[in-house]
There are 2 protein chains.
Amino acid sequence: MTINNRIARLGDGYVFAEVARRVKKYRAQNKNAVLISLGIGDVTLPLAPCITEAMGRAVDEMGNADTFRGYAPTHGYGFMTDAVRSRYAALGIGLNEGTIFIGDGAKSDCADIFRLFSSHDVLIPCPSYPAYADIATVAGRTVHILPTSHENGYLPSTDGVKRREYIIFLCSPHNPTGVCYTKEVWREWITFAQETGSVIIADTAYSAYVSGDGVRSVYELDGARRCAVEICSMSKSAGFTGCRLGWTVIPDEIASGGIRANTAWERCRAADYNGVAYIIQRGAEAALSPRGIAETSAQVEYYMTNAALMRNILLKAGIVPCGGIDAPYLWLRCPAGYTSWDTFDRLLDRGVIVTPGCGFGGEGFIRLTAFGRRADSLTAVGIIADEYGKVGRKL
Amino acid sequence: MTINNRIARLGDGYVFAEVARRVKKYRAQNKNAVLISLGIGDVTLPLAPCITEAMGRAVDEMGNADTFRGYAPTHGYGFMTDAVRSRYAALGIGLNEGTIFIGDGAKSDCADIFRLFSSHDVLIPCPSYPAYADIATVAGRTVHILPTSHENGYLPSTDGVKRREYIIFLCSPHNPTGVCYTKEVWREWITFAQETGSVIIADTAYSAYVSGDGVRSVYELDGARRCAVEICSMSKSAGFTGCRLGWTVIPDEIASGGIRANTAWERCRAADYNGVAYIIQRGAEAALSPRGIAETSAQVEYYMTNAALMRNILLKAGIVPCGGIDAPYLWLRCPAGYTSWDTFDRLLDRGVIVTPGCGFGGEGFIRLTAFGRRADSLTAVGIIADEYGKVGRKL
C-alpha cells in the first residue's frame, strides 16, 4: 500500500500533542508539582443543567422501544437544524432549510469540506489554528500563507495577495490571537472572494465570545451568502468539547458549474457520514433554547471575566497582550530573545502550562486561555508576570 | 469556487434516500396505509439497559465540575480502546496499544481512510454497500468492480484480476447479500494483497452475527496484520445506529516508505478529528462488558431468529434466498422480468418496503433485513411470498 506521504510532511507533531508530551515528562520528573494549565483551549465548566437534563431524557428515550431512534437524517434532526436557524434568526439572519449540516465539530467539518471544494490553492492567515494548514496539506492542496502581524493587529489584508481562486480560511474571533475581525476586514475578503471566484470558510467557533456589536456571523455582511461557508461549533459556546457538535452553513447561493454546493454536499454526506448521536443533538438543542442560552451565556461570561482579570494583571506588569476582549484567548509576545518553546519550558518550570505560539506559526509568542478556574488562572498569570519581570531584569 | 465535480457523477441519489422519497410519496397518496419496512438496515430494539445506565452516569459526570471531560484522547479513551482489545482477545487476537482508533462509525472511517492511503486504484466487489464506490469516487480514485454472482455465492475471487496495487474493500458478513466469507476467500485475498502491495479494508460491521466458527475478524487469518485494516462498528452489534461509534484497527505491521500507518494516522487524526463523545464511549464500553455482551447478544439472537423464520417462509414458497444465516440480511432474486425498482414498487403497493438490489449494484435482486419487529417482519415476508406467487402465476 502507499501511505499518503503528505502526512509525513506535517512535521513533528501537532502542537497540543507536543505540549502534552513535555508536560508528561515534567510530571514524571516532578512528582509533587502542581501545574496550572492556560494551555489547550479546552473548557472546564461542566455542561449546563438544561443540557444534561435533555441528554438524560434522550438516553431514556434510547432505552425504550417506542422512542428509540436509529440513523439520523443527513442534515441532522429537524429539531436541531431549527434550533440553529433560530440562533441565526436572533442575529437577524434568515437561513433556508437545507442549508445547515449538523456535524461532530468544526475540526471534522473543516477537514471534510475539502471533499466538497476542489480548488487547488488554499489561503490561510498566519498565525492560525494549525489544523487548517495540516488538513489542506493532507488533502494535497497548496497552502499559501497570508502573513499578519502584531503591528497590524493580526487583521489579514488582501493587499499584495495574488488574485486567483482560493479556499480561504478565516477565523473570527481569531484563534490564537483573540482578535475579532472588523466589518471592514470581512468586506475586503468578501469582495476579494467574489472577484476571484474563491470560497471563504468562515470559522466562527468563538462567536459566543464577541462583545458589543462585533461580527458574530459572516452572513451579517452583504454578499457573504454568495461566497462564504460558515463553520461553527458548540465546543466553546456550550462546553461541548467532550460532546462533539458543530454545524456547517452552505447558503443556496453558493454554486459552480450549475451545481448547488449544498445539494452536492447533501449527496456526499449521504455516502461519507452518518451524523451526530441523537443524545448529543438533544443536548445541543437544549443549549440553544432560551434557558440554554441563559445558562451557557453565564459560562461564557465567567470565562470572559477571567480574560479581563488576566488582561489587567498583565497590563499592570507592563505586558500588553492581544485578545481577551472578544475571545477567551490572550496572545503575548515572549520576553526578548526567547522563543515560544523557551518561554513554554521556563513557565512549565514555574508550574504554568501555556501554548507555544510557534504551534500556530507565531514564533516568539505564547497563547493563554481563559478557560481555567478563576483563582488558578489568576495565580498562573501572576507567575507569568513575575517571570517576565525577572527575565526583563536579567536582560 | 470549484465544486468537486465527482460528486455530480455519483448519480441520482444514494439508494436509501431514493427509497425514502418513494415511500414519502406513497404515504402522501395513501394516508391510511400501514407500511412494514424490511428496507433500510436500521435496528429497532432499544439500547440495552447496561448501555443506557452507563450513558446516564456519564451524562451526570458531564454535569459535574469534578468529573467533567473535555477533548478526548486522539485514539479514544483508554477504557474504550481497552474494551475493544478485550473483544479481540476473546477471539484469540492480541492487539497492541496504539493500533485502535475509536471513531463515529464505519461509514466515516471508510471515507476518512482515503486520507491515509493514497493508492489510486480501488477494488470493490459487486454487489456491495454503495458508500465504498461513492467515497472512492469523491476521493478521485479509480474504482474497479469485482463481479460476483448468485451462482458463486457472492464470494469474490482473485481470478483474472489485474495484478496491481489496490485499496480493496471486503465486507463480511456481506452487505447486501448476507454471505459470510470463508477462510479460503480471506486467504486468497490476503495472499493477493501481499503479492501486489495492496491494502485490504475489512469491513466487519456485521461480525456479531456470524454463527459457528465463521470468521469474525480478518486477524484470525495469518498474514492479515501485514496488509489489512479492519473497520468495525457497534451499529448492528449493540444498536448504535443512532449513537455512532465504531473503530479502525491499523496493526503495527502496516507500513510503507519507512512510515508506520498507525503513526501516520495518529498524526492525521490529531489534525482532522476530535473523537467521539465521552457519553457515547462510556455506553460502548458498557456494551463490550460481560453484562453488555449478554444483553446485546440477546438482541442479535432476536434478529437472527427473525432471519431464520423469514428464510423458512421464503423457502416454503419456493424462493431460495441468500444470507440470513450469518447476517441479518436476505438477498432475493426478483420475479422473472422484474427489475429491482419494479419489485420495490410492487411490494410498496402491498405495504412492504424492501431495498432495491440495484442500489448495491445488484439489479434484479432485492434485500430484506431482519431488524424489524418479529410479527411485522413475518407478515411482510408472507406478503412477499404471496406476491412472488401471484407474479409467477401470471407469467
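Our structure is the block above this text.
Described below are features of the structure shown in this document.

Cut-offs applied
- Residues numbered from 1 in each chain as written.
- Chains lettered and ligands numbered in written order.
- Predicted model: local features only at pLDDT ≥ 70, side-chain atom pairs only at ≥ 80, totals over all residues.
- Heavy atoms only, no water.
- Buried < 20%, exposed > 50% of the residue type's maximum accessible area, 1.4 Å probe, protein only.
- Helix = DSSP H or I, 4+ residues; strand = E, 2+ residues; numbered from the N terminus.
- Pairing = 2+ DSSP bridges.
- 1 Å grid on protein atoms, 1.4 Å probe; cavity = no way out; pocket = protein on both sides within 12 Å on 5 of 7 lines; lining within 4 Å.
- Points joined across faces, edges and corners; volume = space filled by probe spheres on them.
- Nonpolar A, V, L, I, M, F, W, Y, C, P; charged D, E, K, R; others polar.
- Contact = heavy atoms within 4.5 Å.
- Buried area = accessible area lost by both parts, 1.4 Å probe.
- Salt bridge = Lys/Arg side-chain N within 4 Å of Asp/Glu carboxyl O.
- Polar contact = N/O pair within 3.5 Å; in protein donor to acceptor, adjacent residues only side chain to side chain.
- Axes fitted to C-alpha atoms, helices over the stretch in contact; angles between N-to-C directions.
- Least-squares fit on C-alpha atoms with pLDDT ≥ 70 in both.
- Phe/Tyr/Trp six-rings, centres within 6.5 Å; stacked < 30°, edge-to-face > 60°.
- Expected span 1.5 Å × (residues − 1).
- Arc of directions from axis to C-beta.
- Parallel < 35°, antiparallel > 145°, perpendicular 65-115°, else oblique.
- Left-handed = near helix turned anticlockwise from the far one by under 90°.

**A closer look at the pairing of strand 7 (residues 228-233) of chain A**
All names here are of chain A.
- Among the six residues of strand 7, six are classified as buried, and the element is accordingly described as predominantly covered.
- With burial as the criterion, each face of strand 7 is covered, one bearing Ala228, Glu230 and Cys232 and the other bearing Val229, Ile231 and Ser233.
- As defined by bridge partners, strand 6 (residues 199-203) adjoins strand 7 across four bridges and the pair is classed as parallel. Its bridge partner lying in strand 7, aspartate 203 is registered against isoleucine 231.
- In terms of strand pairing, strand 7 meets strand 8 (residues 246-249) through four bridges, oriented antiparallel. Its bridge partner lying in strand 8, isoleucine 231 is registered against threonine 248.

**Details of empty space enclosed by the protein**
- Counted by the stated rule, this structure contains three cavities of 30 Å³ or more.
- Approximately 110 Å³ is the volume found for the largest cavity.
- In terms of lining residues, the largest cavity is bounded by 16 residues, among which Asp104 and Ala277 of chain A together with Asp104, Arg244 and Ala277 of chain B are the most central.
- When grouped by side-chain class, the residues that make up the lining of the largest cavity number 10 nonpolar, two polar and four charged.

**Overview of helix 6 (residues 131-138) of chain A**
Residue and element names in this part refer to chain A.
- Burial analysis of helix 6 places seven of its eight residues in the buried class, the great majority of the element.
- Every buried residue of helix 6 is listed here: Ala131, Tyr132, Asp134, Ile135, Ala136, Thr137 and Val138.
- Looking one or two places after helix 6, you find glycine 140, whose phi comes out positive at around 80 degrees.

**Thoughts on the interface of chain B and chain A**
- Taken together, the 80 residues of chain B in the interface contact 79 residues of chain A.
- Buried area between chain B and chain A, summed over both chains or domains, comes out near 6,300 Å², and the portion from carbon and sulfur atoms is 60%.
- Three residues stand out in chain B for area buried against chain A, namely Met1, Tyr71 and Arg267 of chain B, and they jointly supply 14% of the buried area on that side.
- At the surface where chain B touches chain A, the tally comes to four salt bridges.
- Here aspartate 134 of chain A ties to arginine 267 of chain B by a salt bridge, and the two come within 3.2 Å at their closest N and O atoms.
- Summed over the shared surface of chain B and chain A, the result is 34 residue pairs in polar contact (both at pLDDT 80 or more).
- Class assignment of the residues belonging to the side of chain B that touches chain A gives a composition of 40 nonpolar, 23 polar and 17 charged.

**Some remarks on the sheet that holds strand 12 (residues 329-333) of chain A**
All names here are of chain A.
- Here four strands make up an open sheet; going across it, the order is 11-12-15-14 and the pairing antiparallel. In this open sheet, the two strands that pair with only one neighbour each are strand 11 (322-323) and strand 14 (355-356).
- Contacts from helix 11 (residues 340-349) reach strand 14 and strand 15 (365-369) within the one sheet, and its direction differs from that of strand 15 by about 50 degrees.

**Details of the relation of the copies chain B and chain A**
- The operation relating chain B to chain A is a screw motion whose rotation component is 180 degrees, with 0.0 Å of axial translation and a residual RMSD of 0.0 Å. Look at the turn and shift together and you get a two-fold axis relating the two. The position closest to the rotation axis in chain B is occupied by the C-alpha of glycine 56 of chain B, lying 3.0 Å away.
- In this assembly, 99% of the residues forming the interface of chain B have copies in chain A that are likewise at the interface, indicating an isologous arrangement.

**Topic: the sheet that holds strand 6 (residues 199-203) of chain B**
All names here are of chain B.
- Strands sit in the order 2-8-7-6-5-3-4 across an open sheet of seven strands; the sheet is mixed. Every other strand in the sheet has two partners, leaving strand 2 (100-103) and strand 4 (142-147) as the edge strands with one partner each. Between one strand axis and the next, the sheet turns by 20 degrees as a mean value, whatever way the strands run.

**Details of unusual backbone geometry**
- A cis geometry characterises the amide bond from asparagine 175 of chain A onward to proline 176 of chain A, with omega recorded as 20 degrees.
- Along the chain, proline 176 of chain A turns up in the loop between strand 5 (166-171) and helix 7 (183-196).
- One non-glycine residue, tyrosine 154 of chain B, lies in positive phi territory at about 60 degrees.
- Classification of tyrosine 154 of chain B by relative accessible area gives buried; the value is 2%.

**Points about the side chain of aspartate 272 of chain B**
- With respect to the helices and strands, aspartate 272 of chain B occurs in helix 8 (residues 261-272).
- Note on aspartate 272 of chain B: relative accessible area 2%, which makes it buried.
- In terms of polar contacts, aspartate 272 of chain B uses its side chain to reach the side chain of arginine 115 of chain B, at 2.8 Å.
- Leaving out residues up to four positions away in the same chain, aspartate 272 of chain B has contacts with Lys107, Ser108, Ala111 and Ile135 of chain A together with Arg115 and Trp265 of chain B.

**Some points on the packing of aromatic side chains**
Residue and element names in this part refer to chain A.
- On inspection of all chains with the given rule, the structure shows 40 aromatic pairs over all chains.
- With 6.1 Å between their ring centres and 25 degrees between their planes, tyrosine 166 and phenylalanine 192 make a pair best called stacked. Here phenylalanine 192 lies in helix 7 and tyrosine 166 lies in strand 5, a separation of 26 residues in the sequence. Assigned by exposure class, tyrosine 166 and phenylalanine 192 land together as buried.

**Digging into helix 2 (residues 15-29) of chain A**
Residues and elements named next belong to chain A.
- Over its 15 residues, helix 2 runs 21 Å from end to end, which matches the ideal 21 Å to within 8%, given 1.5 Å per residue.
- Taken residue by residue, helix 2 has Val15, Phe16, Glu18, Val19, Val23 and Tyr26 as its buried positions. Mapping the buried residues of helix 2 onto a view down its axis gives an arc of 160 degrees, with all of them on the same face. In this structure, helix 2 carries Lys24 and Lys25 as exposed residues pointing more than 90 degrees from its buried face.

**A word on the side chain of threonine 158 of chain B**
- Tracing the sequence through the fold places threonine 158 of chain B in the loop between strand 4 and strand 5 (166-171).
- Filtering out sequence-adjacent residues up to four positions away, threonine 158 of chain B remains in contact with Glu188, Trp189 and Phe192 of chain B.

**Side note on the packing of helix 5 (residues 106-116) of chain B against helix 6 (residues 130-138) of chain B**
Residue and element names in this part refer to chain B.
- In the contact formed by helix 5 and helix 6, the axes pass within 9 Å of each other and the chain directions differ by 30 degrees. In terms of axis orientation, helix 5 runs roughly parallel to helix 6. Viewed along their axes, helix 5 and helix 6 form a crossing whose handedness is right-handed. Two secondary-structure elements touch here, helix 5 through Lys107, Cys110, Ala111 and Phe114 and helix 6 through Ala131, Tyr132, Ile135 and Ala136.
- Of the residues that constitute the contact of helix 5 with helix 6, the class distribution is seven nonpolar, no polar and one charged.

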